[in-house]
Amino acid sequence: MNRFYSWLPLILFAAPSFASEQKQPIKFTATPEQCVALHKGQVCYQDVLFQWQTPASGRFCLVLSQNQQPLTCWEGKALQQYKYSFESDSTTIFSLVSQDDLNAVAEVKVIVTWVYKAPKQSPSGWRLF
Amino acid sequence: MKKLIVSLVLVVLASIISLGWSISEFATLQNPDTDSPGTSEQLAALKLVGVALSHTLDEKNSIQQPFIDNWNRHNQQQLSLTPEASFALPPSLKRQFNSEQSLLLESDEGISLHYLLPNTEQVLNIKTQLTSPEENDFNHNELYTMLFYFGVVAILLIWVSPLIKQLLTLSKTTQAFGMGELQQRIAVSKTSYIGTIETEFNRMADRIQQLIDDNKLLSRAVSHDLKTPIARLRFGIEVLEETQNDQLRLKYFQRLNRDIDAMEELVATLLNYARLDQANIQPELQAIEINAWLEQKLSVHAGGNLQLEYIPYSQQIIVNTDPKYLSMQIANLLSNAERFGQSKIMVRVELVDNTTWLHVEDDGHGIDEAETEQVVKPFVRGQQSRDNAGHGMGLAIVKRIGGWMGAELVIGRSLELGGAKISLKFK
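Keep in mind it's a predicted model, so treat the numbers as computed, not measured.

Draft legend 1. Structural detail: helix H6 (residues 195–242) of chain B. The terminal C-alpha atoms of H6 of chain B, which comprises 48 residues, lie 70 Å apart, in line with the 70 Å expected from a rise of 1.5 Å per residue. Along H6 of chain B, the helix axis deviates most sharply at Lys-227 of chain B, where the bend reaches about 30°; the proline Pro-229 of chain B sits within four residues downstream.

And the structure:
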């Protein structure tokens, strides 16, 4: 959760800026969009393919929002997909950042899920005998 | 001890039952589960819907997308279809999904249901905003359970605190007693858990103190009463050494003998008194008719210088006593009366308010009220008996026997004869 809050200012700051500047939103997808773990809290491993359509001009980077670490960078349409070995125990946001103004122009969320286990509730309620 | 065990069991049972009941009531008040369906109920309902939807949508050439769009517009639960190939799962989970055709996943954003559509080779996803209720409820349950156990502990502590206090008092008092503060006693309250122990301690302390007091008194008295004959013996022997006259020597020898006799008598009296210690005696109590018994005793006893008058009670009175020790008491009382009386002794049996009294009265000087407490102590002689023979043991013996046989000694003044009136009050 703390990680999420650390991205929050960035998202709040970035969201309105690219909405107003870029009329045509950039298509940015991750396949698959979720990573399935067997248990909650387990690190989830998944090869994720990122695909995008960036404008012809400008320099862009694919950034792991959590720590602002660029995974790869390119000029214009030189690169349109990237295969990434995802590993994390929590939902992670990836964003395309324009290097001209350091604004996130698009972002995608890879959701970490786990197998749902119904909580064991004793019929007697609160008593843990 | 019985009280302690019973109250312990009661307190434990009562606290468990009452705490358990009240926490249960409180928990049901706090969690009105019955009003709105919980997560598990909603999930169960969604599962049914999901199965139905998956069958409906799993048809080739059916118009799926408009239906899904429509559904998503009107419902909180969002439907979507993904190709089976891009629904990535770990191998073990994949096998399970293929066989069960359904899967429940959970993420930070909520629980989602997934159904395999074998015909169209797609996966139906139903995203919900439900979250696992586990943590919240678990915390509550933990809290209630802690509350319960702490409550039981608190109640037990409250219950046990007087016991701890009593034990501390007992320990402090025994310590002080052991250090020589013989007057230390425990104030026994009716509600005390260890009342019997406290009472027994007090009795023990009483007894030890009495023994020590007796010991002191006896040693003081013995040393005092032995000093006189010993001094006389020493003087007598010195005189004997210097005397050549056979007749005088004979006379002095007789005197020495008398002194030795006096010492012997004192030792015998002491031994008698010591033997009357309750620990060494098992009185054989039996029911006797006091009028007839006393008459027979007095007829044997008669023979003193004074006139003895016996007034029995008009009715028969049965008294539970040991005749051997009762006659010892009466003999002592009679010898006292003979020693101090002028001319007459009166023995009287009386029944007042269902209590039997035996009075021995004389026409001597009597015992002053201020002296009554002193004269019953061993080796204490009253004002009137300073020049009298005897060691002051008579009343002490009577009182000691009366103490454990249930015949209390009461000292008063005779209205008819004017002298002492010494009475035994039978229980």
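The discussion continues.
Draft legend 2. The confidence of the model for chain A, seen in detail. On average, residues of chain A score 78 in pLDDT, and 73% of them reach the 70 mark or higher. The low-confidence segment residues 10–22 of chain A, where pLDDT is below 50, has eleven contacts with residues more than four positions distant or belonging to other chains.

Draft legend 3. Here's a closer look at the side chain of Gln-77 of chain B. All names here are of chain B. Positionally, Gln-77 belongs in the loop between helix H3 (65–74) and strand E1 (78–83). Exposure remark for Gln-77: the relative accessible area of 18% places this residue in the buried category. The residues touching Gln-77, leaving out its near neighbours within four places in the chain, are Leu-46, Trp-71, Asn-72, Ile-126, Lys-127 and Thr-128.

Draft legend 4. Main features of unusual backbone geometry. Of note, the bond from Thr-31 of chain A into Pro-32 of chain A is cis; its omega dihedral lies within 30 degrees of zero at -10°. With respect to the element layout, Pro-32 of chain A can be found in the loop between strand E1 (28–31) and strand E2 (34–37). Phi at Glu-121 of chain B is positive, roughly 55°, even though this residue is not glycine. Looking at where Glu-121 of chain B falls in the secondary structure, it is placed in the loop between strand E3 (110–117) and strand E4 (122–127). In this model, Asn-354 of chain B sits at a positive phi of 65°, which is unusual for a non-glycine residue.

Draft legend 5. A look at the packing of aromatic side chains. As enumerated under the stated definition, the model contains 15 aromatic pairs over all chains in all. An aromatic cluster is present here, built from Phe-28, Phe-50, Trp-52, Phe-60, Trp-74, Tyr-84, Phe-86 and Phe-94 of chain A joined pairwise through their rings.

Draft legend 6. Just the packing of helix H8 (residues 290–301) of chain B against helix H9 (residues 323–340) of chain B, in detail. Residue and element names in this part refer to chain B. Orientation of H8 relative to H9, taken along the N-to-C sense of each, is 55°, at an axis distance of 11 Å. One finds that H8 runs oblique with respect to H9. Taken as a pair, H8 and H9 cross one another with a handedness that is right-handed. When H8 is examined against H9, the residues Ile-290, Trp-293, Leu-294, Lys-297, Leu-298 and His-301 are found in contact with a partner set consisting of Pro-323, Leu-326, Ser-327, Ile-330, Leu-334 and Glu-338. Grouping the amino acids of the contact of H8 with H9 by side-chain chemistry returns eight nonpolar, two polar and two charged.

Draft legend 7. Fine view of the pattern of salt bridges. If you walk through the whole model with that rule in mind, you get nine salt bridges over all chains. Between Glu-75 of chain A and Arg-59 of chain A there is a salt bridge, with its nearest N and O atoms 3.7 Å apart. Linking Glu-75 of chain A in strand E5 (residues 69–75) with Arg-59 of chain A in strand E4 (residues 59–64), this pair joins segments that are 16 residues apart in sequence. The exposure class of Glu-75 of chain A is partly exposed, given its relative accessible area of 48%. When the shortest N-O distance is used, the salt bridge between Lys-344 of chain B and Glu-309 of chain B registers 3.1 Å. You can see Lys-344 of chain B sitting in strand E8 (residues 344–352) and its partner Glu-309 of chain B sitting in strand E6 (residues 307–311), a full 35 residues away along the chain. Via salt bridges that share partners, Arg-348, Glu-350 and Glu-361 of chain B belong to a single interconnected network.

Draft legend 8. Broad picture of the environment of Ala-287 of chain B. Within the fold, Ala-287 of chain B resides in strand E5 (residues 286–289). In contact with Ala-287 of chain B, not counting residues within four places along its chain, are Ile-318, Val-319 and Asn-320 of chain B.

Draft legend 9. The layout of surface pockets, seen in detail. Residue and element names in this part refer to chain B. Volume-wise, the largest pocket comes out at about 820 Å³. The wall of the largest pocket is formed by 24 residues, among which Arg-207, Gln-210, Asp-214, Lys-399 and Arg-400 lie closest to the centre. Of all elements in the fold, only H6 and helix H11 (394–405) reach the threshold of two or more residues within the lining of the largest pocket. Classifying every residue of the lining of the largest pocket gives nine nonpolar, three polar and twelve charged. Among the domains, domain 3 (194–277) and domain 4 (286–426) are the pair contributing at least three residues each to the lining of the largest pocket.

Cut-offs applied
Residues numbered from 1 in each chain as written. Chains lettered and ligands numbered in written order. Predicted model: local features only at pLDDT ≥ 70, side-chain atom pairs only at ≥ 80, totals over all residues. Heavy atoms only, no water. Helix = DSSP H or I, 4+ residues; strand = E, 2+ residues; numbered from the N terminus. Expected span 1.5 Å × (residues − 1). Bend = angle between axes of the 7 residues up to and from the residue. pLDDT = per-residue confidence, 0-100. Contact = heavy atoms within 4.5 Å. Buried < 20%, exposed > 50% of the residue type's maximum accessible area, 1.4 Å probe, protein only. Phe/Tyr/Trp six-rings, centres within 6.5 Å; stacked < 30°, edge-to-face > 60°. Axes fitted to C-alpha atoms, helices over the stretch in contact; angles between N-to-C directions. Parallel < 35°, antiparallel > 145°, perpendicular 65-115°, else oblique. Left-handed = near helix turned anticlockwise from the far one by under 90°. Nonpolar A, V, L, I, M, F, W, Y, C, P; charged D, E, K, R; others polar. Salt bridge = Lys/Arg side-chain N within 4 Å of Asp/Glu carboxyl O. 1 Å grid on protein atoms, 1.4 Å probe; cavity = no way out; pocket = protein on both sides within 12 Å on 5 of 7 lines; lining within 4 Å. Points joined across faces, edges and corners; volume = space filled by probe spheres on them. Domains from an automatic or database assignment.

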